[in-house]
Amino acid sequence: MSLLQTTDLVKQFGGLTAVDGVSVGIDRGTVQAIIGPNGAGKTTFINCVSGLLDPTSGTVEFDGEDITGMPPHETVQQGISKSFQTASIFPTMTVEENVQIAAFGAEHGSFRFNFLKKRSDYNAVQDRTERMLRSVELWEDRNVQAQSLPYGDKRRLEIAIALASEPELLFMDEPTAGMSPDETRQTVDLIEELREELGLTIVLVEHDMEVIFRVADKITVLHRGAIIANAAPEQIRGDEQVQEAYLGGAEI
Amino acid sequence: MSTETEGEGGSVGATGLTDSDAVLMIASAVALFSLPWVLVDGFGIVAEMLDFSIGGYVGLPSLILIYGIVVIGYNLLLGYTGLLSFGHAAFFGTGAYVAGVVSQSVGSPIVMVLAGIAVATLIAWPIGWVSIRRTGVYFAVITLTFGQMLYFWALGPGSWLTNGDNGFSEVGTGPILGTFELDSAVFPNIGFLQSYTYEYVFIAILALLALWIANRILKSPYGLIFEALGQNQQRVSFVGLNVQRYKLMAFIISAVFAGAGGALFIMHENYVHPNTAYYWIQSGDFVIMTILGGAGSLVGPVFGAFIFEYVANVLSGLSLPVIGAIGSLWRIVLGAVFVVIVWTFPKGVYPGVRDFLVRRGARDALDRLSDRVRNRGGESE
Ligand SMILES: Nc1ncnc2c1ncn2[C@@H]1O[C@H](COP(=O)(O)OP(=O)(O)O)[C@@H](O)[C@H]1O
Ligand SMILES: [Mg+2]
């Protein structure tokens with residue numbers, strides 16, 4: 001059974017159908033890439049799953065449970081996390097605090113009405129924060145204000161925040177956009193590590209074909225909100241409809 | 001940030017100098033317990049020298065700390081969570097009336113404060129629940145409306161309880177723990193400690209407690225979440241935290257402090273009127289005190305309360321050349337003070353002065369270091 005399954009998912013903005021009957025299953029432990037031209041509905045699709053938007057119709061099931069229309073904090077608690085397309089951080093808090101808050105999010109409940117217990121006394125949270133910061137190589141910068149990080153580091157902080165909420169399924173919306181080739185390589189390495197070490201299931205929206213063909217087990221191609229192909233990378237490479245719609249016939 | 005400690009990681013700016021709880025509490029205790037002497041006797045001496053009545057009076061320190069307690073809590077909402085409430089008089093006034101009513105049967109100040117807190121918390125729940133569903137200006141206006149609803153209730157339909165426009169004066173505050181009369185001096189035989197009444201000691205202890213609790217809240221997961229809410233709400237929900245729940249918590253916590261302040265207020269004044277309890281200007285004063293002293297710093301708002309009440313109660317008694325008596329024009333003076341302070345210290349008095357001192361301290365340290373390096377250079381030649 002798929003970890004995530006959407007059925008006939010539709011999202012309309014007024015007259016515009018941004019997501020048009022998307023039915024897709026994502027298998028546990030795989031990396032699934034979603035590609036498609038700008039405006040294809042990739043971000044909207046993610047938003048409908050993560051609860052930022054309510055789908056107009058259709059259902060979303062996660063781990064066998066219907067989570068359609070659940071608000072974001074609940075989908076996160078279910079085990080779905082996302083790193084935003086434009087880094088969404090807490091600008092004047094330290095790098096460490098940025099990750100710490102996500103680690104506390106994963107603790108939901110353990111500090112219910114405990115207003116007086118210090119953060120530093122939550123050992124599991126401290127450990128997780130450190131582990132995540134080390135995995136994105138930001139531990140040395142933990143006392144820096146998040147807003148003063150260079151762009152690439154902000155993106156990696158964004159990933160660390162998403163990871164600290166201990167997801168089973170991680171959405172990454174264009175994680176390498178705007179990164180230097182070096183940073184991109186690091187991020188790709190990180191993605192592969194995450195899958196292997198944490199057994200994460202990853203849904204990756206990406207434009208960089210090199211990245212996609214390196215990490216994806218399966219590729220879903222969206223075009224005007226609908227799936228036009230959903231297959232292994234080798235097959236997508238040879239798919240004429242995809243060549244036509246998305247790549248304008250260019251070689252990949 | 002040279003004072004940062006290892007384990008804490010140190011939150012930027014907000015706690016820079018006060019990372020150690022013990023240092024904070026001791027410094028605050030010293031400050032609070034010297035306040036009456038400084039304000040009444042110290043300022044009084046200066047006043048005599050200048051022949052200008054700028055000294056505080058017995059009672060003013062209590063009033064400052066009462067508002068101090070309110071704004072310590074209010075700041076958790078405004079300074080950290082970033083929610084601008086224009087209706088916190090609702091909880092202040094409720095604390096006052098409830099404590100007043102309770103005092104008619106139980107005069108214990110401790111019971112009065114607890115009762116004031118309880119009912120303020122109780123009404124903060126529904127008011128907060130509705131208000132936090134909107135943000136920004138709408139949140140401010142909704143809270144303002146709730147405050148004004150209570151104001152008109154206290155003037156009209158609630159008169160049976162509040163005595164309406166005549167004000168509530170049947171306050172039967174008894175001694176603390178059945179022993180210490182609020183108005184008596186703690187050290188009746190020591191001349192320069194006459195301004196230390198049991199009332200002041202009681203209020204100062206509660207103010208210390210308020211600081212301690214607020215400090216612990218800020219260092220708990222809640223503090224982190226409140227600050228995060230002030231910066232990026234969407235991200236807070238995307239780490240799995242229920243934004244509404246934590247906003248409501250911040251709202252209710254701030255109401256607890258306001259309720260306590262209200263109860264102490266009626267104890268101190270022996271009287272409360274809808275104008276000082278519930279009127280929207282009272283809510284606005286909390287905002288001014290907080291911003292004046294430094295929203296987003298734990299102790300800053302207390303300095304704001306100090307400046308505010310000093311202008312309102314002492315400077316208003318001054319008589320200036322040309323202008324004449326300040327009297328009821330004190331709000332104009334306050335306005336000027338506010339503008340000057342916000343102009344010089346955009347973050348408020350306390351963070352501004354602290355940053356200034358830290359920067360100067362760092363510069364001095366650098367100077368000393370470079371002196372030493374130069375001297376050593378001289379020796380080796
Ligand atoms: N909140 C919104 N309101 C109206 N239209 C939107 C909104 N969000 C996205 N759209 C539209 O939906 C379509 C899909 O957008 P998006 O999901 O961001 O595409 P992608 O991420 O694939 O580039 C676009 O035409 C976009 O303009
Ligand atoms: Mg997008």
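Residues numbered from 1 in each chain as written. Chains lettered and ligands numbered in written order. Predicted model: local features only at pLDDT ≥ 70, side-chain atom pairs only at ≥ 80, totals over all residues. Heavy atoms only, no water.

Colleague: Residue-level account of unusual backbone geometry, with values.
Modeller: All names here are of chain A. Although it is not a glycine, Asp 8 sits at a positive phi angle of roughly 50°. Structurally, Asp 8 can be placed in strand S1 (residues 4-13). Although it is not a glycine, Arg 224 sits at a positive phi angle of roughly 50°. On the secondary structure map, Arg 224 appears in the loop between strand S9 (218-223) and strand S10 (226-231). (Helix = DSSP H or I, 4+ residues; strand = E, 2+ residues; numbered from the N terminus.)

Colleague: Which residues make up the domain arrangement of chain A, and what values do they have?
Modeller: All names here are of chain A. Its domain assignment divides chain A into domain 1 (1-79 + 169-252) and domain 2 (83-166). One C-alpha centre belongs to domain 1, the other to domain 2; they are set 25 Å apart. Each partner contributes to the roughly 1400 Å² buried at the junction of domain 1 and domain 2, and carbon and sulfur atoms together form 60% of this total. Considering only the side of domain 1, the residues that lose the most area to domain 2 are Gln 77, Asp 173 and Leu 190, jointly responsible for 27% of the buried surface there. Inspection of the domain 1/domain 2 interface yields 0 salt bridges. Across the contact surface, domain 1 and domain 2 share 6 residue pairs in polar contact (both at pLDDT 80 or more). Taken together, the elements giving at least two residues each to the side of domain 1 that touches domain 2 come down to helix H2 (72-78), strand S7 (169-173) and helix H6 (181-198). Take the side of domain 1 that touches domain 2: its biggest share by element is 5 residues, from H6. Its residues assigned to classes, the side of domain 1 that touches domain 2 comprises 10 nonpolar, 5 polar and 3 charged. (Domains from an automatic or database assignment. Buried area = accessible area lost by both parts, 1.4 Å probe. Salt bridge = Lys/Arg side-chain N within 4 Å of Asp/Glu carboxyl O. Polar contact = N/O pair within 3.5 Å; in protein donor to acceptor, adjacent residues only side chain to side chain. Nonpolar A, V, L, I, M, F, W, Y, C, P; charged D, E, K, R; others polar.)

Colleague: Would you mind going over the sheet that holds strand S4 (residues 57-62) of chain A in detail, with residue names and values included?
Modeller: One key point about sheets: their strands pair by backbone hydrogen bonds, in either a parallel or an antiparallel sense. All names here are of chain A. The strand order across the open sheet formed by 4 strands is S2-S1-S4-S5, and the pairing between neighbours is antiparallel. If you trace the sheet from one side to the other, it starts and ends with strand S2 (16-26) and strand S5 (65-66), each paired once. Judged from the 8 bridges that link them, S1 and S2 form a sheet pairing that is antiparallel. The residue of S2 that forms the bridge with Phe 13 is Leu 16. (Pairing = 2+ DSSP bridges.)

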